[in-house]
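# Overview (structure and organization)
What follows is the residue order along each chain.
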Amino acid sequence: MLGNFFNNLYYGKAGKADFNPENLPTSRIALFFQMLRVYWADLIKLNLLYVIFCLPAILWTLWSLLAMQSSAVALSAGEITAQAFSEQIGSMLWLWLLGMFPCILIMGPATAGVTFVTRNWTRDEHSFLFSDFKDAFKGNWKQALFVSFLSGVIPVLLFVCYRFYGSLLAENGIVFIIPQMLTVMIGVIWLLATQVIYMMMVTYNLSLKNLVRNAV
């Protein structure tokens, strides 16, 4: 009896189809959620693998938040003034962005690996978690490093430009709000581009120039 039970568990009942035609997904959205149910356990494993490459960014961010919290405690205790607190937060944000640059650089090739595996799963294509992650990591590491380099440099430059134009805005009038808002728009555009750039990287054979241009 137990043998038949385990055979049914692994192989299903004889003569019974896995899917009826009416049960098959009729759209890409339905296919996505069906694959999400099928691969949810593997997604946990994949995320745990990705967290290894994200650990430097996570630890650096936690350390920066603790430093900001200590400044907030000093402010509430009256040990520092509001102006000094504002200056400390600005300095800490600047330091955090600089420290995040190498952290983001490490994450780039790993993001390409995760994107390749999840893309295949979403398409209902077979994908070995670890071997395909490694292959996509090795096959796209140059482009991924450049993209992650931009993702680390752009926030630093935008932070500097935003504060610079903000100081000019306070001193010289409202006209400097235009370059300040352009700075924000550039950041938003790059943020949107990063949502598709890794998918394009692992899917198409594009030069680095065309990859960045098409994503933007």
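Quick summary incoming for the structure in this document.

Reading guide: rules and limits
- Residues numbered from 1 in each chain as written.
- Predicted model: local features only at pLDDT ≥ 70, side-chain atom pairs only at ≥ 80, totals over all residues.
- Heavy atoms only, no water.
- Helix = DSSP H or I, 4+ residues; strand = E, 2+ residues; numbered from the N terminus.
- Buried < 20%, exposed > 50% of the residue type's maximum accessible area, 1.4 Å probe, protein only.
- Lys, Arg positive; Asp, Glu negative; His and termini not counted.
- Salt bridge = Lys/Arg side-chain N within 4 Å of Asp/Glu carboxyl O.
- Polar contact = N/O pair within 3.5 Å; in protein donor to acceptor, adjacent residues only side chain to side chain.
- Axes fitted to C-alpha atoms, helices over the stretch in contact; angles between N-to-C directions.
- Parallel < 35°, antiparallel > 145°, perpendicular 65-115°, else oblique.
- Left-handed = near helix turned anticlockwise from the far one by under 90°.
- Contact = heavy atoms within 4.5 Å.
- Nonpolar A, V, L, I, M, F, W, Y, C, P; charged D, E, K, R; others polar.

## Describing the side chain of Asp132
- Considering the arrangement of structural elements, one finds Asp132 in helix 5 (residues 129-139).
- For the buried Asp132, which has no salt bridge, the nearest side chain bearing the opposite charge is Arg119, at an N-O separation of 8.3 Å.
- At 2.7 Å, the side chain of Asp132 and the side chain of Ser127 are in polar contact.

## Examining the packing of helix 4 (residues 82-122) against helix 5
- At their nearest, the axes of helix 4 and helix 5 sit 8 Å apart, and the two run at 130° to each other. Here helix 4 lies oblique to helix 5, going by the angle between them. Two packed elements cross with a definite hand, and for helix 4 against helix 5 that hand is right-handed. Together, Pro109, Ala110, Ala112, Gly113, Val114, Phe116, Val117, Asn120 and Trp121 of helix 4 and Leu129, Asp132, Phe133, Ala136 and Phe137 of helix 5 make up the contact between the two elements.
- Of the residues assigned to the contact of helix 4 with helix 5, the class counts are 11 nonpolar, two polar and one charged.

## Things to note about the environment of Phe53
- Within the secondary structure, Phe53 sits in helix 3 (residues 40-76).
- The class of Phe53 is partly exposed, set by a relative accessible area of 21%.
- C-alpha separation for the pair Phe53 and Leu105, spaced 52 residues apart in sequence, amounts to 9.9 Å.
- In this structure, Phe53 is in contact with Ile106, Met107, Ala110, Phe133 and Phe137, ignoring residues within four places of it in sequence.

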